[in-house]
Amino acid sequence: IDRSSLTELSLAAGVHLVRSMPGSPLNISTDDRGLQQVVLAATYSFNNQSNDAFLFKPSAITRAQRQIVKGLRYIVDLEISRTVCRKRDHNNNLSKCDLQPKGRLHQTFHCHFEVWLIPWENETNVQVFLCKS
């Protein structure tokens, strides 16, 4: 059987052949250590740029991909939610900050970001960071 016949048979049978191309983004676990570091760095960046009185922290990761291109490129969709910790208290440990309960102060942003890490040069570039409520 030649390649085109195999493709036709697969399509006719409703089977999708999924092959990743070298260098293309691949889905990764939300438990990935590098991903966790990138998400935390993006969250600190969000908090530094926000004029909100409260700190925000990640509440859900909805998509996580990694691409190997002269370093590591992370492509992430996540939700960042307002916590009960005030910025003025200088609490840098977000794990000790509970999320705001449902109500007037509860707020969540849906964010997309892309970060490029070049570990051997100790370089981190945030290429895209977009959030909407």
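Quick caveat: nothing in here was measured; it's all calculated off a predicted structure. (Residues numbered from 1 in each chain as written. Predicted model: local features only at pLDDT ≥ 70, side-chain atom pairs only at ≥ 80, totals over all residues. Heavy atoms only, no water.)

Peer 1: Can you help me understand the sheet that holds strand β3 (residues 72-86) in this one?
Peer 2: Working definition: the strands of a sheet are paired by backbone hydrogen bonds and lie parallel or antiparallel to each other. Taken in spatial order, the five strands of this open sheet run β1-β2-β3-β4-β5, and their pairing is antiparallel. Each edge of the open sheet is held by one strand with a lone partner, namely β1 (26-27) and β5 (123-132). As judged from the 12 bridges shared by strand β2 (residues 54-68) and β3, these two strands associate in the antiparallel manner. Bridging from a neighbouring strand, Phe 54 pairs with Arg 86 of β3. Those strands touched by helix α2 (residues 33-49) are β2, β3, β4 (108-118) and β5, and its axis lies near 135° from that of β2. (Pairing = 2+ DSSP bridges. Helix = DSSP H or I, 4+ residues; strand = E, 2+ residues; numbered from the N terminus. Contact = heavy atoms within 4.5 Å. Axes fitted to C-alpha atoms, helices over the stretch in contact; angles between N-to-C directions.)

Peer 1: Before we go on, may I ask you to explain the side chain of Asp 32 in this structure?
Peer 2: Considering the arrangement of structural elements, one finds Asp 32 in the loop between β1 and α2. Given the relative accessible area of 19%, Asp 32 is considered buried. Polar side-chain contacts of Asp 32 include one of 2.8 Å to the side chain of Arg 66. Discounting residues that sit within four places of it in the chain, Asp 32 has contacts with Arg 66 and Tyr 74. (Buried < 20%, exposed > 50% of the residue type's maximum accessible area, 1.4 Å probe, protein only. Polar contact = N/O pair within 3.5 Å; in protein donor to acceptor, adjacent residues only side chain to side chain.)

Peer 1: Hey, could you run me through the environment of Val 69 in this one?
Peer 2: Tracing the sequence through the fold places Val 69 in the loop between β2 and β3. Its relative accessible area of 31% is what places Val 69 among the partly exposed residues. For the pair Val 69 and Ile 118, spaced 49 residues apart in sequence, the C-alpha to C-alpha distance is 9.2 Å. Once you skip the residues sitting within four places of it in the chain, Val 69 turns out to touch Gly 23 and Trp 116.

Peer 1: Sorry, what's going on with the nonpolar core here?
Peer 2: Across soluble globular proteins, nonpolar side chains have a tendency to be buried as a group. Counting residues in hydrophobic clusters, the biggest one holds 17 residues, and the most contacted among them are Leu 35, Tyr 74, Val 76, Leu 78 and Phe 113. Secondary structure elements with two or more residues in this core: α2, β2, β3 and β4. Apart from residues lying up to four places away in sequence, Tyr 74 is in contact with Ile 28, Asp 32, Gly 34, Leu 35, Val 38, Gln 65, Arg 66, Phe 113, Glu 114, Val 115 and Leu 117. (Core = buried A, V, L, I, M, F, W, Y, C linked by side-chain atoms within 4.5 Å.)

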